[in-house]
Amino acid sequence: MTVRTNAIDAPVFGVDIQSGDIRGDAPAYALVVLDDGEIERDVVSFRKLCRLIDDEEPALVATDNAYELAADKNELVGFLRSLPSTTKLVQVTGDERPEPLSRVASRHGVPYDKKPMAEAEAAARLAIANVGCEVSAFTDTTTVKVARGRSTGSGGWSQDRYTRRIHGNVKKVAREVESKLDSANLDYEQDVTEKYGGYSNAIFTVEATPDELPVSTHRAGDTRIEIEREQRDGISYQPLVKRRDRVIVGIDPGTTTAAAVVSLDGRVLATFSSRTADTAEVTEWLIEQGRPLIVAADVTPIPQTVDEFRRSFEATAWTPESDLPVDEKLHRTRDHEYDNDHERDALAAALYAYDDREDQFDRITEKTPPQFDREEVIAHVVANESSVEAALSELADDEDGDEEESTHEPRELTSEEQRIKDLEAQVDRLQSHNEKLEAELADREETIDEYEEKLSEAKREERREARERRAVSRLKRETDRLERERDEARERADELEAKLDRLKELWKLDHSDAAVTGDRNLVSVKIVEQFTNRALDDAEDEVGLTRGDIIYFRDASGAGRSTAERVAAIEPRVVLRGGGLSDAADEVLFDAGIPVGPAEDVSIQEIDELAVVDDAEIEAVIDDWEERAEAREREQKASMVDELISEHRADTKSGGS
């Protein structure tokens, strides 16, 4: 287990699903709390788990899979937002592609069992040892908003004084926040909205996490302070500490230098490539990834540049028996991500080196007792080409030390001891040289800091200009929208004005003053577009058809017997028709005594769905229909008499004969 230290002065929660599923039924969780050597175990619901986190504010909430606490990404972001600012969610099995918890626990010497409570405890103990990644959905940028705590109201005798007081208090609190941020030496940007008497709000974008801020969420009287972290585009997995484990390194030299790092378990940890990086930069990057045990190349013999890296780390070299073909490198790296062919070649070299040593690593692991660091044993065996037993003996001797050296009498140094002394002197000289280099590095870092400050200023200016551009675009869109609404309102006003003029004309016609109406008596007309059942349904829904109505069919040609019977059942006062009327419909309406007349015989005045006609014209239509009806009845009676006479004569003639 790699040695790590971490001062934790708050409880650590280990969590694992006990029963149920976060995506279905309400789950129950196995919870293990480690606090200053004491351990508590319990089974809790999700709601109680969240309440305990809020109450106790643990330093770490450890789990083998973060998605046991959330059904999807959005819910995970919500859970992370609900955590106290000092609490971290840790996935002890790694990043987006986690390892099995059993493997991680075994590698770090933590007891493991498949039972949920045992898995929760293993997760907690691994997190205390700084194993795993912090799961985060937020950056280290936080927004602090100072705004009005109450509305300025809708007006009144003291409205101006009331508004001025609120805005003045917002400005006062904003300046207090600004002073605290300056005292804490935090980088921030400020965006202020000035209003009558002070500020309506002030927004501080601070390069810090909420727990690093000297202010907190607050609401009192006229003002309120809101704090919100800036959310990332996705979920981030950051190792709890920089790892210094033993690793296998693959290097592809050339115009573009590429490197890949693989763990002693065969996991790909990182890849790197650059056209401008020198040896020192690549070496520094490799040091950040771990301690190289094997340096590999994809060709044989090992290139000089790769061998220089190997010597600088005192690592073991690995090369294939013959240059690796491209198709084999593509096949070996198919399950891993890389940015270019150079990174692919470096990654293939590292993976093939691991494949070649995998069985050896497994045998060493099986023979290594729990109290020894597996990676250190592997390093001793590989570097010294010794047996596992020899490596274990050497590691045990190193731990014992040599405490009796100071009590010995001065004696003549052996050649080996002299060699050690010379090497120590060389180390002193190198350290002195290193101090000079560090001084030069400090000077360069100061220069870099100056450039970074200028760059930060340029970025702030760019963000300010971007905000202004967004504000202009937003105002332009708002202006376009308002102009469209204005044009639509004007068109609507023109339509309503025309309608009003027509209504005024109609009012003049229908007014009771004889001087205006000219002694005319206007009555309403209900318009039906066609003499069909569907048109009658529409008219029923829109205006209703009742007894005594004047019904005007714009097109009466579609009338049939059934529609005519339906109209006859309504018992209208008169039916005005446009176009011809079928004989069947005319017969039904005539038999029902419903007057029917052509619409062109009257003057119908229409305004939208409303229509009126002079009652005298309607009476004339009815009189005309009654005259035609009397004539039609006379014709029918005469026809009947003629038919009876004909039948009588026929009967008489047949009887006389």
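Residues numbered from 1 in each chain as written. Predicted model: local features only at pLDDT ≥ 70, side-chain atom pairs only at ≥ 80, totals over all residues. Heavy atoms only, no water.

Caption draft 1: Examining the layout of surface pockets more closely. Considered as a void within the structure, the second largest pocket measures approximately 860 Å³ in volume. Forming the boundary of the second largest pocket are 34 residues, of which Ser85, Thr87, Glu134, Asp211 and Arg229 lie nearest the centre. Taken together, the elements giving at least two residues each to the lining of the second largest pocket come down to α2 (73-82), β5 (88-91), β6 (133-148) and β10 (223-239). Tallied by class, residues from the lining of the second largest pocket come to 15 nonpolar, nine polar and 10 charged. (1 Å grid on protein atoms, 1.4 Å probe; cavity = no way out; pocket = protein on both sides within 12 Å on 5 of 7 lines; lining within 4 Å. Points joined across faces, edges and corners; volume = space filled by probe spheres on them. Helix = DSSP H or I, 4+ residues; strand = E, 2+ residues; numbered from the N terminus. Nonpolar A, V, L, I, M, F, W, Y, C, P; charged D, E, K, R; others polar.)

Caption draft 2: Representation of a negative patch on the surface in the model. Residues Asp35, Asp36, Glu38, Glu40, Asp54, Asp55, Glu56 and Glu57 make up a contiguous surface patch of negative charge. Listing elements by their share of the negative patch, those giving two or more residues are β3 (38-45) and α1 (46-56). Relative to the elements of secondary structure, aspartate 55 occurs in helix α1. (Patch = residues over 30% accessible without salt bridge, like charges linked within 9 Å, V, L, I, M, F, W, Y side chains within 5 Å. Areas by Shrake-Rupley, 256 points an atom, 1.4 Å probe, with all protein chains shown as cover. Salt bridge = Lys/Arg side-chain N within 4 Å of Asp/Glu carboxyl O. Lys, Arg positive; Asp, Glu negative; His and termini not counted. Charge placed at Lys NZ, Arg CZ, Asp CG, Glu CD.)

Caption draft 3: Representation of the pairing of strand β2 (residues 28-35) in the model. With seven of its eight residues buried, β2 lies for the most part within the structure. Bridge count between strand β1 (residues 12-19) and β2: seven bridges; the pairing is antiparallel. Looking at the pairing, glycine 14 lines up with valine 32 of β2. Both β2 and β3 contribute to a ladder of eight bridges, which runs antiparallel. Its bridge partner lying in β3, alanine 28 is registered against serine 45. Between the antiparallel neighbours β2 and β3 lie two residues, among them aspartate 36 with a positive phi of about 55°. (Buried < 20%, exposed > 50% of the residue type's maximum accessible area, 1.4 Å probe, protein only. Pairing = 2+ DSSP bridges.)

Caption draft 4: View of the side chain of threonine 316. As for its position among the elements, threonine 316 is in strand β15 (residues 316-318). In contact with threonine 316, other than residues within four places in its own chain, are Leu293, Ile294, Val295, Arg310, Arg357, Val382 and Ala383. (Contact = heavy atoms within 4.5 Å.)

Caption draft 5: Looking closely at unusual backbone geometry. For the bond from threonine 300 to proline 301, the omega torsion is 0°, close enough to zero to count as cis. The residue glutamate 57 is not glycine, and still its phi comes out positive at about 45°. Along the chain, the position of glutamate 57 falls in the loop between α1 and β4 (60-63). You can call glutamate 57 partly exposed: its relative accessible area is 40%. Residue asparagine 185 is not a glycine yet carries a positive backbone phi of 60°.

Caption draft 6: A look at the environment of glutamine 238. With respect to the element layout, glutamine 238 can be found in strand β10. On the basis of relative accessible area, glutamine 238 is assigned to the partly exposed category, the value being 43%. A C-alpha to C-alpha distance of 5.1 Å links glutamine 238 and glutamate 134, two positions 104 residues apart in sequence. When sequence neighbours within four positions are dropped, the list of residues in contact with glutamine 238 reads Gly132, Cys133 and Glu134.

Caption draft 7: Layout of the pattern of salt bridges. Applying the stated criterion across every chain yields a total of 38 salt bridges. Note that aspartate 140 is salt-bridged to arginine 229, the shortest N-O span being 3.8 Å. Separated by 89 residues along the polypeptide, aspartate 140 in strand β6 and arginine 229 in strand β10 bring together distant segments of the chain. One salt bridge connects aspartate 537 with arginine 566, and the closest N-O pair in it is separated by 2.6 Å. Here the residue aspartate 537 occupies a position in helix α14 (residues 533-542), and arginine 566 occupies one in helix α15 (residues 561-570), the gap between them amounting to 29 residues. You can call aspartate 537 partly exposed: its relative accessible area is 35%.

Caption draft 8: Region of interest: helix α6 (residues 279-289). For α6, the set of buried residues is Val282, Thr283, Trp285 and Leu286. Take α6 and look down its axis: the buried residues cluster within an arc of 160°, on one side only. Contacts from the buried residues of α6 go to β11 (246-252), β12 (257-263), β13 (268-274) and α7 (304-313). Two residues or fewer after α6 comes glycine 290, characterised by a positive phi angle close to 160°. (Arc of directions from axis to C-beta.)

Caption draft 9: Structural view of the side chain of threonine 256. Following the sequence through the fold, threonine 256 ends up in the loop between β11 and β12. Residues contacting threonine 256, with those up to four places away along its chain left out, are Ser273, Ser274, Arg275 and His342.

Caption draft 10: Geometry of the pairing of strand β17 (residues 550-555). The pairing of strand β16 (residues 522-530) with β17 spans four bridges and is classified as parallel. Its bridge partner being in β17, valine 528 is matched across the sheet by phenylalanine 553. Crossover handedness for the path β16 to α14 to β17: right-handed. With four bridges connecting them, β17 and strand β18 (residues 574-577) associate as parallel partners. From the neighbouring strand, isoleucine 550 faces β18, where its bridge partner is valine 574. Between β17 and its parallel partner β18, the chain crosses via α15, and the hand of that crossover is right-handed. (Right-handed = clockwise from strand over helix to strand, strands pointing away.)

Caption draft 11: Region of the structure containing the sheet that holds β15. Pairing is mixed across the open sheet formed by five strands, whose spatial order is β13-β12-β11-β14-β15. The open sheet terminates on both sides in strands that have one partner only, identified here as β13 and β15. When the angles between neighbouring strand axes are averaged without regard to direction, this sheet yields 25°. Bridge count between β12 and β13: six bridges; the pairing is antiparallel. Across the sheet, residue alanine 258 finds its bridge partner in β13, namely serine 273. Sitting on the sheet, helix α9 (residues 341-367) touches β11, β12, β13, β14 (291-296) and β15, and the angle it makes with β11 is about 140°. Seen against the sheet, helix α10 (residues 374-384) touches β11, β14 and β15 and runs at an angle of roughly 45° to β14. (Axes fitted to C-alpha atoms, helices over the stretch in contact; angles between N-to-C directions.)

Caption draft 12: Structural context of the packing of α15 against helix α16 (residues 583-591). Axis separation between α15 and α16 bottoms out at 8 Å; the angle between their running directions is 25°. Taken together, the axes of α15 and α16 lie roughly parallel to each other. Relative to α16, α15 is oriented so that their crossing is right-handed. Contact residues: α15 offers Arg561, Ala564, Glu565, Val567 and Ala568, while α16 offers Ala584, Ala585, Glu587, Val588 and Leu589. A class-by-class count of the residues in the contact of α15 with α16 yields seven nonpolar, no polar and three charged. (Parallel < 35°, antiparallel > 145°, perpendicular 65-115°, else oblique. Left-handed = near helix turned anticlockwise from the far one by under 90°.)

Caption draft 13: How the structure looks around the confidence of the model for the protein chain. On average, residues of the protein chain score 84 in pLDDT, and 88% of them reach the 70 mark or higher. The secondary structure element of the protein chain with the lowest average pLDDT is helix α13 (residues 514-517), at 39, and the one with the highest is β4, at 95. Considering only residues more than four positions removed or in separate chains, one finds that residues 401-411, a stretch of pLDDT under 50, has one contact. (pLDDT = per-residue confidence, 0-100.)

Caption draft 14: Spatial organisation of α16. Along α16, the residues that are buried comprise Ala585, Val588, Leu589 and Phe590. Where α16 ends, the next residue or the one after it, glycine 593, has phi of about 75°, a positive value.

Caption draft 15: Structural view of a positive patch on the surface. Taken together, the side chains of Arg469, Arg470, Arg474 and Arg477 present a region of like positive charge at the surface. Along the chain, arginine 470 turns up in helix α12 (residues 415-510).

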